[in-house]
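Chains, contacts and geometry: an overview
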Amino acid sequence: MTRPFPRGAVIDNGRLTGIGGVDVRSLASEFGTPLYVVDEAELVGRMREYRGAFGEGATVAYASKALCVTGVLQLAAAEGLSVDVASRGELYTAQRASFPMERVIFHGNNKAPAELRDAVDLGVGRVVVDSLTELERLTSLARDAGREVDVLVRITPGVNADTHTHIATGHDEAKFGLSLAAGLAHTAIDQVLKTDGLRLAGLHSHVGSQLLTSAAFEAVVRTLIVLLGDIHRRHGVWLEELNVGGGLAIAYTPYDPEPSITQYAAALLDSVDQEAKANGVPAPRITVEPGRSIAGPAGITLYTVGTVKDVPGVVSFAAVDGGMSDNVRPSLYGARYEVVPAGAPSPPRDARPFDVVGKHCESGDVIAAGVWLPADLREGDLLAVAATGAYGYSMASNYNRLARPAMVLVGDGHARLLVTRETTEDLVAHDVVL
Ligand SMILES: *Cc1c(COP(=O)(O)O)cnc(C)c1O
């Protein structure tokens, strides 16, 4: 099987022929394309690997922003995960999925007063405080509601994660959290500790996404554990919980390393133990918040080729029926993807390179450049893109007024809709006719 397709994918002579026990041609004909396809075995397998590797002594919170749809949150809830939300919409999705509110962690660098009120009224398990302004709002909401709110203070640890600048979040110039170096972190911690109605459960930090090495994770653990010691010296309390965020990378192409969840967990728990011992700090309970590394490898996108355009001696384009509206990552971050032909099994065919592009009115609307595809590729052929489960649908738009694709969950030979395809009517539903 060609990495990085999900475990339920059947790859035959470099072609994707089936997934989750369902023929790709029947998926395309029944649900249309573009189509997001989520392999249930891969998705649930990753949730279980996280839970197993971290054990009962730690909490695994699925970062819903990676792929926030009701059915996926239902699966996460059933697998015993907690969930991160960062808006009213994500919180509402968790409610619709009947997620137990005590397993919801509410994030955001600019939570609206109404969002904070919902979080307090619904009794979410943790509110992650990201600013001093928010702390004031939360204090009065807790007072009005007459209930104690469990909070984590989000620390900006001054760690420069080695990743794309748009998804690095732990350096002092980042918009997230309360800077340790600038003293904001201590101000917030002091404030929470002396406020009735707020209970400081612990600290949070998330330094970035698509992290390939353990250096940033270890630096965060060290910084937070040293901080636990400082807090004990200043206030005489041991905080019980460290939430170290998400960020484990995934393989998008066969050339990418494929980080192991199990190894990441072992290394992280080990560094917690070592730092706790070295600093004389009682080992805290750990929470991790993986998003991409749960949803990403479980999803693929199926497209239909519409136009093949050969510019002699220059380039050949294979234009598909979606593009940057269903996967913005190539144009946003220069992200690379693996694309393979899909459809009926076929003997090996001659291949030539194509730029696989979308149908939007932008030259940057590229899915992947220089992809080797069958030389006789033509209109109506199917293509499959790997590892689109995270930050594909969740960042999708209606650019050029394209309807957002449907999403199906496949497993054991069945396909179930997770999201229906938008209709043209949906696209104008909020337009007001003058
Ligand atoms: C985005 C985010 C995550 C998840 O990041 P991944 O790279 O998808 O694992 C976790 N925690 C917080 C606070 C985030 O903002």
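Report on the accompanying structure. This structure is a prediction, so every number in the text was calculated from the model and none was measured.

From N to C terminus, the protein chain includes twelve helices and 21 strands. Against the compact-globule benchmark of 22 Å for 434 residues, the protein chain has a radius of gyration of 23 Å, which places it among compact chains. Counting only C-alpha atoms, the protein chain reaches 70 × 55 × 40 Å along its principal axes. A total of 434 residues make up the protein chain; the buried ones form 55% of that total. By sequence separation, contacts in the protein chain at least 24 residues apart represent 69% of the contacts at least 6 residues apart.

This brings us to the site of the ligand. As a matter of local geometry, the ligand sits amid 15 residues, with Lys 65, Ser 209, Glu 289, Arg 292 and Tyr 391 nearest to it. Within the side chain of Ser 209, an N or O atom sits 2.2 Å from an oxygen atom of the ligand. One of the backbone nitrogen or oxygen atoms of Gly 247 is found 2.9 Å away from an oxygen atom of the ligand. Protein burial of the ligand: of its 390 Å² of free accessible surface, 92% is covered by the chains. In this structure the site holding the ligand corresponds to the largest pocket.

For the rest of this paragraph, the subject is the packing of helix 8 (residues 215-235) against helix 9 (residues 261-279). At a minimum axis distance of 9 Å, the contact between helix 8 and helix 9 shows a crossing angle of 30 degrees. Taken together, the axes of helix 8 and helix 9 lie roughly parallel to each other. As for how helix 8 packs across helix 9, the hand of that crossing is right-handed. Contacts from Phe 217, Glu 218, Val 221, Arg 222, Ile 225 and Val 226 of helix 8 reach helix 9 at Tyr 264, Leu 268, Ser 271, Val 272, Glu 275, Ala 276 and Asn 279. Residue composition of the contact of helix 8 with helix 9, by class: eight nonpolar, two polar and three charged.

Among the secondary structure elements, Gly 89 is positioned in helix 4 (residues 88-96). Residue class for Gly 89 comes out partly exposed when judged on its relative accessible area of 44%. Measuring from C-alpha to C-alpha, the distance between Gly 89 and Glu 115 comes to 9.5 Å, with 26 residues separating the pair along the chain.

Each pair of packed helices can be summarised by the angle the axes make with each other and by the distance between the axes. One can describe the packing of helix 4 onto helix 5 (residues 113-122) by two numbers: an axis separation of 10 Å at closest approach and a directional angle of 25 degrees. On the basis of their axis angle, the class for helix 4 and helix 5 is roughly parallel. With respect to the hand of their crossing, helix 4 and helix 5 are arranged in left-handed fashion. The segment helix 4 lies against helix 5, with Arg 88, Leu 91 and Gln 95 engaging Ala 114, Glu 115, Asp 118, Ala 119 and Leu 122. When the residues that make up the contact of helix 4 with helix 5 are grouped by side-chain class, the tally is four nonpolar, one polar and three charged.

What follows concerns the pattern of salt bridges. Counted by the stated rule, this structure contains 19 salt bridges. The salt bridge partner of Asp 230 is Arg 233, with a shortest N-O separation of 2.7 Å. Of this pair, Asp 230 and Arg 233 are both found in helix 8, three residues apart, which corresponds to roughly one turn of the helix. For Asp 230, a relative accessible area of 25% puts it in the partly exposed group. Classification of Arg 233 by relative accessible area gives exposed; the value is 63%. Between Glu 422 and Arg 404 there is a salt bridge, and its shortest N-O distance comes to 2.9 Å. With Glu 422 in the loop between strand 21 (414-419) and helix 12 (424-428) and Arg 404 in the loop between strand 19 (382-385) and strand 20 (406-411), this residue pair connects regions lying 18 residues apart in the sequence. Residues participating in the shared-partner salt-bridge network are Arg 126, Asp 150, Arg 199, Glu 240 and Glu 241.

The rules we used
Residues numbered from 1 in each chain as written. Predicted model: local features only at pLDDT ≥ 70, side-chain atom pairs only at ≥ 80, totals over all residues. Heavy atoms only, no water. Helix = DSSP H or I, 4+ residues; strand = E, 2+ residues; numbered from the N terminus. Rg over C-alpha atoms; globule rule 2.2 N^0.38 Å. Buried < 20%, exposed > 50% of the residue type's maximum accessible area, 1.4 Å probe, protein only. Contact = heavy atoms within 4.5 Å. Near = heavy atom within 4 Å. Polar contact = N/O pair within 3.5 Å; in protein donor to acceptor, adjacent residues only side chain to side chain. Areas by Shrake-Rupley, 256 points an atom, 1.4 Å probe, with all protein chains shown as cover. 1 Å grid on protein atoms, 1.4 Å probe; cavity = no way out; pocket = protein on both sides within 12 Å on 5 of 7 lines; lining within 4 Å. Sits in = over half its atoms within 2 Å of the grid points. Axes fitted to C-alpha atoms, helices over the stretch in contact; angles between N-to-C directions. Parallel < 35°, antiparallel > 145°, perpendicular 65-115°, else oblique. Left-handed = near helix turned anticlockwise from the far one by under 90°. Nonpolar A, V, L, I, M, F, W, Y, C, P; charged D, E, K, R; others polar. Salt bridge = Lys/Arg side-chain N within 4 Å of Asp/Glu carboxyl O.

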